[in-house]
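Okay, here's what each chain looks like letter by letter:
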Amino acid sequence: MSGTAAQRRAYTVVGGGAIGGTIAFHLAKAGHPVLVVDQDTEHVGAISDQGLGIRRPDGRVERQPVRAITPDGADALPATGGGLGAVVLAVKAQATDPAVRWIAPRLAEDGFVVSLQNGLCEEQIAAEVGERRTVTAFVNLFADLVAPGLIADGGAGALVVGELDGRVSPRVERLVTDLRAWGPAVAHPNVAGHLWSKQSYSVVGATSALVDVPIHETIEAHPDMTVALAREVYAVGAAIGVHPESFDHWEAGAFAVDAHLPYTRQVLADFCGWLRTQPKNKTGIWRDLAVRKRPTEVPAMLAPVLRLADDHGINCPGIRTVVRLIGELERGERRMDESNVTEVERAVSGR
Ligand SMILES: CC(C)(CO)[C@@H](O)C(=O)[O-]
């Protein structure tokens, strides 16, 4: 732990679910004053009563006292001398607009919002709080909200932070130092390149949620489809000048159209090998469909990719099929089944 309690920066974490709750827990454990803002009254009540809990893979539960409020409880916020300083935004992609509209009038002039979300949400954030107060980040965090006030730790992955213009500013460096309380955070000039790689992996993750098996099994059973889906995302990124970055064994170069096939296969094998070491083996998307019975973030998460694909005349049959099938699963119009993956396979191969 670095710094005295007085030096440790206060954080407001908006969205206290799998990602936000995990980050809030570790910041609080490192001695930062943390306020969680979450819509779920039961979750907020449990955190207020018992503390925020993390269940480790060995079953041990640790709890941290953390302040938690619902957005309409914000009147109870203490006057913090000019508003919220450091805000971690960790709501689902589809909840970004209302969350940022809640944050904007409360954000200090010199405060900032950092997005720890599965999506490309920075544009929406900057539209409300300004680019100057938007920090960009990419996170690969394995966790599940398993009960009110309790998050299951499913393993750590990469966490990359930077400014929208690529600078590694003092506020980014400080944020990285603080986020190391959770995992291997680094500052980087090309967060966008990481976010596009996460999108390419997320499409594959969403495909794996069409069937009730671990992510790595879908990749292993359908390597060509995996590569085709990732390439659709990277083609759109390339059209807007993104230089893709690698993370956690997901080697961006393996998905280049001219990549050597044995290399691509090896990368997929290594990535699946790594996924197998993670205690959590299915996506949050799968969990929303199978356990929580609620809409997933897939349409909102992939909307910017599909919008840009349209702007640049790029065909993305695989991504469109995945979004359609997830929608049908959300509405109960189909069941999780291997035939869904076959449908994606057909779409990417033009059959
Ligand atoms: C796929 C995942 C487990 C790790 O990136 C996470 O993004 C999730 O919960 O969907």
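Just so it is clear, the structure is predicted and the values come from calculations on it, not from any experiment.

(A) Quick look at the sheet that holds strand 4 (residues 61-64). Judged by pairing direction, the sheet is mixed, and its 4 strands sit side by side in the order 4-3-10-9 without closing on themselves. The open sheet has two edge strands with one neighbour each: strand 4 and strand 9 (143-147). Across the sheet, the axes of successive neighbouring strands diverge by a mean angle of 30°, strand direction being ignored. Pairing of strand 3 (residues 52-55) with strand 4 involves 4 bridges; the strand directions are antiparallel. Bridge assignment links leucine 52 to a residue of strand 4, and that residue is glutamine 64.

(B) Examining helix 13 (residues 338-349) more closely. The end-to-end C-alpha distance of helix 13 is 17 Å, a good match for the 16 Å that 12 residues give at a rise of 1.5 Å each. Looking at the buried positions of helix 13, the neighbouring elements they touch are helix 6 (191-208), helix 7 (215-221), helix 8 (223-239) and helix 12 (317-330). Two residues or fewer after helix 13 comes glycine 350, characterised by a positive phi angle close to 70°.

(C) Representation of the site of the ligand within the structure. Within the structure, the ligand sits among Asn118, Asn140, Leu141, Phe142, Lys198, Tyr201, Lys280, Thr283 and Gly284. Asparagine 140 is positioned such that a nitrogen or oxygen atom in its side chain is 2.3 Å from an oxygen atom of the ligand. Here an oxygen atom of the ligand and a side-chain polar atom of lysine 280 are 2.7 Å apart. Relative to its unbound accessible area of 280 Å², the ligand is 91% covered by the protein chains. Among the residues forming the shell around the ligand, the class breakdown is 3 nonpolar, 4 polar and 2 charged. Both of domain 1 (3-189) and domain 2 (193-349) provide at least three residues apiece to the shell around the ligand.

(D) A look at the pairing of strand 1 (residues 11-14). Going residue by residue along strand 1, you find Tyr11 and Val13 tucked away on one face and Thr12 and Val14 tucked away on the opposite face as well. Here strand 1 pairs with strand 2 (residues 34-37) via 4 bridges, running parallel. Residue pairing across strands places threonine 12 opposite leucine 35, the latter belonging to strand 2. Note on the crossover from strand 1 through helix 1 (residues 18-29) to strand 2: the handedness is right-handed.

(E) Highlighting the nonpolar core. In this structure, Val14, Leu89, Trp250 and Ile319 are the most contacted members of the largest nonpolar core, which totals 74 residues. A domain split of this core shows at least three residues from each of domain 1 (3-189) and domain 2 (193-349). Discounting chain neighbours no more than four positions away, the residues touching valine 14 are Val37, Val87, Val88, Leu89, Ala90, Val91, Ala99, Trp102 and Ile103. The next biggest cluster of nonpolar side chains, apart from the first, holds 37 residues, and it includes Ile47, Val66, Val114 and Val135.

(F) Seen up close, the UniProt feature "domain: Ketopantoate reductase C-terminal" (unreviewed entry) in the protein chain. Look at the UniProt record and you will see "domain: Ketopantoate reductase C-terminal" (unreviewed entry) annotated at residues 193-329. Helix makes up 66% of residues 193-329 and strand 0%, with an end-to-end C-alpha separation of 31 Å.

(G) Here's a closer look at the packing of helix 3 (residues 96-103) against helix 4 (residues 122-129). Two elements in contact, helix 3 and helix 4, have axes separated by 9 Å at closest approach and are oriented at 30°. The angle between helix 3 and helix 4 falls in the class roughly parallel. Like other packed secondary-structure pairs, helix 3 and helix 4 cross with a definite hand, here right-handed. Taking contact as the criterion, the partners of Thr96, Asp97, Val100 and Arg101 in helix 3 are, on helix 4, Gln124, Ile125, Glu128 and Val129. Residues of the contact of helix 3 with helix 4, tallied by class, amount to 3 nonpolar, 2 polar and 3 charged.

(H) Spotlight on the pairing of strand 3. Connecting strand 3 to the antiparallel partner strand 4 that follows it, the hairpin turn spans 5 residues, and glycine 59 within it adopts a positive phi of roughly 95°. Where strand 3 and strand 10 (residues 150-153) come together, 3 bridges link them in parallel fashion. Considered in strand 10, the bridge of isoleucine 54 is made with isoleucine 151.

About the cut-offs
Residues numbered from 1 in each chain as written. Predicted model: local features only at pLDDT ≥ 70, side-chain atom pairs only at ≥ 80, totals over all residues. Heavy atoms only, no water. Pairing = 2+ DSSP bridges. Helix = DSSP H or I, 4+ residues; strand = E, 2+ residues; numbered from the N terminus. Axes fitted to C-alpha atoms, helices over the stretch in contact; angles between N-to-C directions. Expected span 1.5 Å × (residues − 1). Contact = heavy atoms within 4.5 Å. Near = heavy atom within 4 Å. Polar contact = N/O pair within 3.5 Å; in protein donor to acceptor, adjacent residues only side chain to side chain. Areas by Shrake-Rupley, 256 points an atom, 1.4 Å probe, with all protein chains shown as cover. Nonpolar A, V, L, I, M, F, W, Y, C, P; charged D, E, K, R; others polar. Domains from an automatic or database assignment. Buried < 20%, exposed > 50% of the residue type's maximum accessible area, 1.4 Å probe, protein only. Right-handed = clockwise from strand over helix to strand, strands pointing away. Core = buried A, V, L, I, M, F, W, Y, C linked by side-chain atoms within 4.5 Å. UniProt positions renumbered as here; feature names shortened; annotations may be inferred. Parallel < 35°, antiparallel > 145°, perpendicular 65-115°, else oblique. Left-handed = near helix turned anticlockwise from the far one by under 90°.

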